[in-house]
Structures are given as structure tokens and as C-alpha cells.
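Remarks on the overall topology
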Amino acid sequence: MSSVDEFHYRLPRRFGGWRPGAHHGLSQGSGQAFAAHRRLFDYPDPRRLDLRASVRDAGGDWLVRVHRLRVAIRVQVVADVSASMHFGARRRKLDVVADLVQSLGHSAFRAGDAVGLLAFDRREREDLFMPARHARGIGNLMARMLRDCRADTAKGGGDAVSGLRSVTERLAGRDGLVFLVSDFHWPLAALGGLLDRLAPACVVPVVVWDPAEVQPPRARGWASLSDAETGARRSLWMRESLRARWRETVADRRVELAAVFASHDMQPFYLQGRFDAEALTRYFLEMA
């Protein structure tokens, strides 16, 4: 991207913590959102004294106004860097993810949040690990790491599910916001259990597909197709019935993904060919 686009995210829940930020918090103190009245004896802050509420109190206590704090949260990107993510007709899917991460780093810094990166293919990619931190250039650094990433071409050794399982062990039981970014070109049977591990956090599934995967070739004739994960090649005669089945398979996969995420109260966000910051802002507005 020639310039870093910013998007805005507001989440439909409250978070714990004391570090000042932009999100609704669970902690009570001198914030802006009114929470309740409490006795001055329990919260000895005369600046928050509410005289009208004190006069109306049946117990005759002096009452103070207690507010909820706005807090900063921890944002984690869990990125799939398996072989299929290196595919792209014009740009690699991983380069599109890098645009998202760069924008996220800029947006999170302006919101006061810390951002980190975890990546996986058939294993956890320790070389792409970035601990969550609040820094101005963190998004640029993580985006460069993803753009420079090379696919693991080694034979055997598991699949993306085993790599994601290792990553979720790091995040299990932690609060915050998690972007789970993948093309999800792997068996979904274990995905529900892995999402349960991330349950304390607010999870945003980001489905990254290239237009060449979604739309079949228009020209009639032989087409040589290659499986990005296994490297297996196959030649097919592109006829209209095959194009129709291609589109049906893509539609069925969308329905399957939507069902898995809906069972965990999640809605996927789709990236196809490019990152649109305004579309992601609308996504969070609808979710909130």
C-alpha cells in the first residue's frame, strides 16, 4: 500500500485491565461511563459526590458517582502462512494479509492497544513471532515479516491444524481481540475445538481467498491445476458443467465456514484480492 489505511474497531463487550484506552472496561473508577452510586465511605472521593442522589437515599448515606474506565486491550494476529497462502494470481494472499496487518498496527497504535503476531503452517512459526507491544511502527515490522516469509516445502510433518493447535496453546485463557487469518483450505472438523480455546477473547475470523480460487477460468480448454499444499498437479477440460460445480463448491465452503463460526457467535470477514479498510470498519460497526 502506498499509504497506511486506518480502520476503527469497537467491540460489543467489556474488557478487564487498568491501562487507559478506547474500549469499555470492567473496572470502576474515574471514567466517563456512569456505573452506579456507592457510599462515600466505600469510595472516599468527595469530588464524585452526588448531592441529589444522597438526599433521596433512604439510608441517609452520602453517595458518590462511580464510573467505568475505558481500557486498552491486547490484539493478536494469528496468521496462516502455509503453502496455499503463498498463492495468488496477481498478488499472494499473504501480501494481502500483510496489508491488513500494517493497517491494524497503525489503527491499534492510535487506539492505544498493543499488537502481536503469531504464525503457523504445519507447526508454529517461531521465526514470525512478535510479542504484543504498543509501538508506532509495529504494524510495518509485522507486515515486512509476512512479506518476506517463505513457504515451508518440507514433506510430511502434519498440517495447518496441528500448527494452529500449537498457537492456540499460547493464547488459551487470555482476553483481548484475536484476528484468525487463513484461507481455511484444511479440514474444519477440529476448528470448533480450537475456537473454544480462544473463547475468552473476541475472535474475528478473516477468510483470505484469491479471485482465481473463487471464479473458474472462463476459457474453454485444458487447464493445469496445482494443489498449493501438496504440489499435486492435475489437468482438467474446462467445460460449463465443471465451472458450475466449481462455483457450487465455493458456495458450499462458504456455508460450511459460516456454520462453524456461527456456532461460536462469530461472523467471518472475507478478503478477496485486496484489503479494504472501510469494509472492515463496517464489519465492526455491524458486529457492535
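Residues numbered from 1 in each chain as written. Predicted model: local features only at pLDDT ≥ 70, side-chain atom pairs only at ≥ 80, totals over all residues. Heavy atoms only, no water.

**A look at the overall build of the protein**
The condition that has to hold: Every helix listed is a DSSP run of H or I at least four residues long, and every strand listed is a run of E at least two residues long, numbered separately from the N terminus. Working definition: with a 1.4 Å probe on protein chains only, accessible area under 20% of the residue-type maximum means buried, over 50% means exposed, and in between means partly exposed. Residues are treated as being in contact if the distance between any of their heavy atoms lies within 4.5 Å. Where accessible areas are quoted, they stem from the Shrake-Rupley method and a 1.4 Å probe; at the residue level, only the protein chains shown are allowed to cover.
The helix and strand tally for the protein stands at eight helices and 11 strands. In terms of principal-axis extent, the alpha carbons of the protein reach across some 85 × 35 × 35 Å. Buried positions account for 45% of the 288 residues belonging to the protein. Within the protein, residue pairs in contact and separated by at least 24 positions form 74% of the contacts whose partners lie at least 6 positions apart. Surface summary for the protein: the accessible area is close to 15,200 Å², and the carbon and sulfur share equals 51%.

**Brief notes about unusual backbone geometry**
The phi angle at F184 is positive, at roughly 55 degrees, despite the residue not being glycine. Tracing the sequence through the fold places F184 in the loop between β7 (177-182) and α5 (191-197). The backbone of D265 sits at a positive phi, close to 55 degrees, despite the residue not being glycine. Along the polypeptide, D265 turns up in the loop between α7 (240-262) and β11 (269-272). Residue classification places D265 among the exposed positions, given a relative accessible area of 76%.

**Focus on the nonpolar core**
The test is simple: Among buried residues, the Ala, Val, Leu, Ile, Met, Phe, Trp, Tyr and Cys ones that are joined through side-chain atoms within 4.5 Å form a nonpolar core.
If you look at the biggest cluster of nonpolar residues, it comprises 48 residues, and the most contacted ones within it are F7, L177, F179, V206 and F284. Looking at which element gives the most residues to this core, the answer is helix α2 (residues 93-111), with nine residues. Residues within four places of L177 in sequence aside, it is in contact with Y9, L11, I73, R74, V75, Q76, C202 and V204. L118, L164, L195 and W209 belong to the second largest nonpolar core, which has 28 residues in total.

**Section: the environment of H86**
Threshold: Pairing of N or O atoms within 3.5 Å defines a polar contact, subject to two protein rules: one partner must be a possible hydrogen donor and the other a possible acceptor, and residues neighboring in sequence count only if both atoms are side-chain atoms.
Locating H86 in the fold gives a position in the loop between β4 (74-80) and α2. For H86, a relative accessible area of 16% translates into the label buried. Ignoring any residue separated from it by four or fewer positions in sequence, one finds H86 in contact with V81, R92, L94, C149, R150 and A151. A distance of 2.9 Å separates polar atoms of two side chains, one belonging to H86 and the other to R92.

**Some remarks on helix α3 (residues 138-147)**
Rules: Working note: the arc is built from the helix axis to C-beta atom directions.
Within α3, the full set of buried residues consists of I138, G139, M142, A143, M145 and L146. End-on, the buried residues of α3 take up no more than an arc of 155 degrees, which puts them together on one face. Turning to α3, the residues buried within the fold contact β4, α2, β5 (114-120) and β6 (130-133).

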